[in-house]
Amino acid sequence: MIQEFVDVLVIGAGPSGCVSASYLHKNNVKVKVVEKTKFPRLVVGESLIPRVMDHFAEAELFESLDAMNFEKKLGARFIRGEEICVFDFSKKFGEGWDWTWQVPRADFDNTMAQEVVRKGIDLEFESEVLEVSFEGKKSKTIVKDKDGNLKEIHANFIVDSSGYGRVLPRLLDLDTPSQLDPHSSIFTHVKDINRPEGEEGTQISFDILETEVWLWVIPFSNGNTSLGVVGPTDFINSLSENKDNAEALRNAIQKSDYYIKRFKGTEFLFEPVKLENYSRAVKRMYGDGFALTGNSSEFLDPVFSSGVAFATESGMLAAKLYLKESQGIEVDWEVEFTEYMKRGIAVFTTYVKEWYTGNLQTLFFHQPENPDVKEKICSVLAGYVWNEENPFVKKHDHVIKNMAYLLNMQKEEKENQGS
C-alpha cells in the first residue's frame with residue numbers, strides 16, 4: 001500500500017477545508033486535502049454572511065472568489081404577509097464587513113478548490129476515507145481513490161471538514177442529538193425568467209408562510225435563483241402525499257402571496273433536493289490529533305445563513321491552533337477551540353429557537369422600528385456573534401424573549417383600550 005506523510009490531513013474541500021488548508025499552506029505547513037466527491041458538485045448553503053469575508057481574506061482566497069462576480073449580498077429581507085423588515089449590513093453595531101455574496105455553491109466551492117490547487121496544495125478529489133486510527137496525536141488514515149487504489153496517509157493532525165459526510169463523528173462515534181426541534185427543507189434552482197429589475201430582483205428574501213415555515217429566495221448573478229422551503233419535518237412531509245419533492249416545493253410556492261406570480265410554473269433546473277432533520281451536533285469538537293470543523297461538528301438551521309460562517313470560523317481557528325501547537329506553544333483546545341466556538345453557536349442557537357417561537361419575528365416586524373435594537377440584531381445576523389460589547393450577543397439567552405414579551409403586552413394593552 002502506498003504511504004504518504006504530511007503534517008496535516010484535511011478531510012473535505014468545502015469552505016472550511018479550503019480556508020484551513022490555505023492558511024496552513026501559507027504558514028509553510030505540509031497539507032493534504034482529500035475530498036470524496038468530484039467538483040463541481042451540488043450543495044446547499046448558498047447565502048453567506050459578512051463574517052466569512054474575514055476568513056477568505058486571511059486565507060488569501062478572497063481575490064479569486066471576488067473575480068467570479070458572484071451576486072453581492074448587502075443585507076437580507078424578511079417578509080410576513082404585507083409586513084417587510086430589511087436589514088442592511090452597513091447599518092450594524094460594531095466593526096466588520098458590510099457585505100458578502102449569495103452564491104451557487106457548486107461554482108463557489110469549485111473556485112476555492114481550484115485556487116487551493118493553484119497554490120500548490122495537494123488536493124485529491126474522489127478519494128474516500130475508509131478508516132482512521134490514532135497513536136497518541138499521530139494518525140493513520142486509509143483512503144480509497146477513484147480507481148479503487150488504497151493508500152495510507154500518516155499525519156500529525158487531522159482537520160475534519162467533511163460536512164454532512166461527518167467522517168470522524170461517524171468513525172469515532174461522536175454524533176449526538178441536536179438540541180433543536182426537527183426541521184427539514186426542500187430546494188432547487190430555477191431560471192428566474194420573471195426577475196424584476198434592480199434591487200427587488202437581486203435581494204435575498206425570506207418569506208414567512210407560517211410562524212415555523214418559510215420560503216427562501218436567493219438570486220444569483222448568473223440569472224438563476226435558489227428556491228427552498230423550510231419547516232417542521234411533519235409539515236414538509238405533508239406538502240406531498242406522494243413524497244414528491246417537486247410537488248411539495250410547488251405547493252409551498254403556492255402559499256407565498258409575495259412570490260407566487262414570479263415563480264408559479266417556473267421550470268426547476270434539477271429535481272428538488274430534500275434535507276430531512278438537518279440539525280447536527282457532536283459529543284466533542286476535538287480530540288488528540290484532530291479537530292472537527294463546519295457541518296462535521298455542528299449545524300443549526302439555514303434561517304440565518306450561519307452554516308458557512310461557522311465552517312470557516314472553525315476551520316481557520318483549528319488551523320491557527322495547530323500551528324501554535326506545532327511551534328511548541330501549549331494550546332488548551334477546550335478553552336481556545338470548543339468554548340470559543342460554543343459561545344458563537346449558543347448565540348445563533350438562541351436566535352434560531354426564538355425565530356421559531358415567533359419572538360424574534362415580533363422584534364423584526366414591530367412598528368415603529370427601534371434603530372438601536374435593529375443595529376444590534378443586524379450585527380448578529382452578519383455573524384459577529386463573539387462581540388460581547390453587543391448586548392444582543394452578551395444577553396442573548398433572555399433579551400429577545402423579554403423584549404418580545406414587553407412588545408406583546410403593549411400591543412394587548414392598546415387593543416384592550418381600543419375595544
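No experiment lies behind these values; they were computed from the predicted model shown. (Residues numbered from 1 in each chain as written. Predicted model: local features only at pLDDT ≥ 70, side-chain atom pairs only at ≥ 80, totals over all residues. Heavy atoms only, no water.)

Among the 11 residues that make up strand 10 (residues 150–160), 9 are buried, leaving the element largely enclosed by the rest of the structure. Sheet topology places strand 1 (residues 2–11) next to strand 10; 9 bridges connect them, and they run parallel. Counterpart to Val-6 in the pairing with strand 10 is Ala-155. By the bridge criterion, 3 bridges tie strand 10 to strand 19 (residues 290–292) in an arrangement that is parallel. The residue of strand 19 that forms the bridge with Asp-160 is Leu-292. (Buried < 20%, exposed > 50% of the residue type's maximum accessible area, 1.4 Å probe, protein only. Helix = DSSP H or I, 4+ residues; strand = E, 2+ residues; numbered from the N terminus. Pairing = 2+ DSSP bridges.)

One can describe the packing of helix 2 (residues 51–58) onto helix 10 (residues 307–326) by two numbers: an axis separation of 9 Å at closest approach and a directional angle of 40 degrees. The angle between the axes of helix 2 and helix 10 places the two elements in the oblique class. As for how helix 2 packs across helix 10, the hand of that crossing is left-handed. Here Arg-51, Val-52, His-55, Phe-56 and Glu-58 of helix 2 come into contact with helix 10, specifically with Val-308, Ala-309, Thr-312, Glu-313, Met-316 and Lys-320. Classifying every residue of the contact of helix 2 with helix 10 by side-chain character gives 5 nonpolar, 2 polar and 4 charged. (Axes fitted to C-alpha atoms, helices over the stretch in contact; angles between N-to-C directions. Parallel < 35°, antiparallel > 145°, perpendicular 65-115°, else oblique. Left-handed = near helix turned anticlockwise from the far one by under 90°. Contact = heavy atoms within 4.5 Å. Nonpolar A, V, L, I, M, F, W, Y, C, P; charged D, E, K, R; others polar.)

Turning our attention to the domain arrangement of the protein. By the assigned domains, the protein splits into domain 1 (2–74 + 96–175 + 280–344), domain 2 (183–275) and domain 3 (356–418). Here domain 1 and domain 2 have C-alpha centroids that lie 29 Å from each other. Facing the 16 residues of domain 1 at the interface are 18 residues of domain 2. Roughly 1,400 Å² is buried in total at the junction of domain 1 and domain 2, and carbon and sulfur atoms are behind 68% of that figure. Together, Glu-46, Glu-71 and Gln-102 form the three largest contributors to the area buried by domain 1 at its contact with domain 2, with a combined 36%. Inspection of the domain 1/domain 2 interface yields 0 salt bridges. Counting every contact that joins domain 1 to domain 2 gives 5 residue pairs in polar contact (both at pLDDT 80 or more). (Domains from an automatic or database assignment. Buried area = accessible area lost by both parts, 1.4 Å probe. Salt bridge = Lys/Arg side-chain N within 4 Å of Asp/Glu carboxyl O. Polar contact = N/O pair within 3.5 Å; in protein donor to acceptor, adjacent residues only side chain to side chain.)

Within the secondary structure layout, Ala-76 lies in strand 4 (residues 75–80). Spatially, the C-alpha atom of Ala-76 lies 9.5 Å from that of Cys-378, the residues being 302 residues apart in sequence. Those residues in contact with Ala-76, other than ones at most four positions away along the chain, are Cys-85, Val-86, Phe-87, Ile-204 and Phe-206.

Applying the stated criterion across every chain yields a total of 34 aromatic pairs. Taking 6.0 Å as the distance between ring centres and 85 degrees as the angle between the ring planes, the aromatic pair formed by Phe-78 and Phe-87 counts as edge-to-face. Classification of Phe-78 as buried rests on a relative accessible area of 1%. Using a relative accessible area of 3% as the deciding quantity, one classes Phe-87 as buried. Here Phe-304 and Trp-355 contribute two aromatic rings whose centre-to-centre distance is 5.6 Å and whose plane-to-plane angle is 85 degrees, an arrangement assigned as edge-to-face. Of the two residues, Phe-304 sits in the loop between strand 19 and helix 10 while Trp-355 sits in helix 11 (residues 333–357), which places them 51 residues apart along the sequence. Overall, the relative accessible area of 4% leaves Phe-304 in the buried class. Just above the ring of Phe-87 sits the side chain of Lys-374; from NZ or CZ to the centre is 5.4 Å. (Phe/Tyr/Trp six-rings, centres within 6.5 Å; stacked < 30°, edge-to-face > 60°. Lys NZ or Arg CZ within 6 Å of the ring centre and 35° of its normal.)

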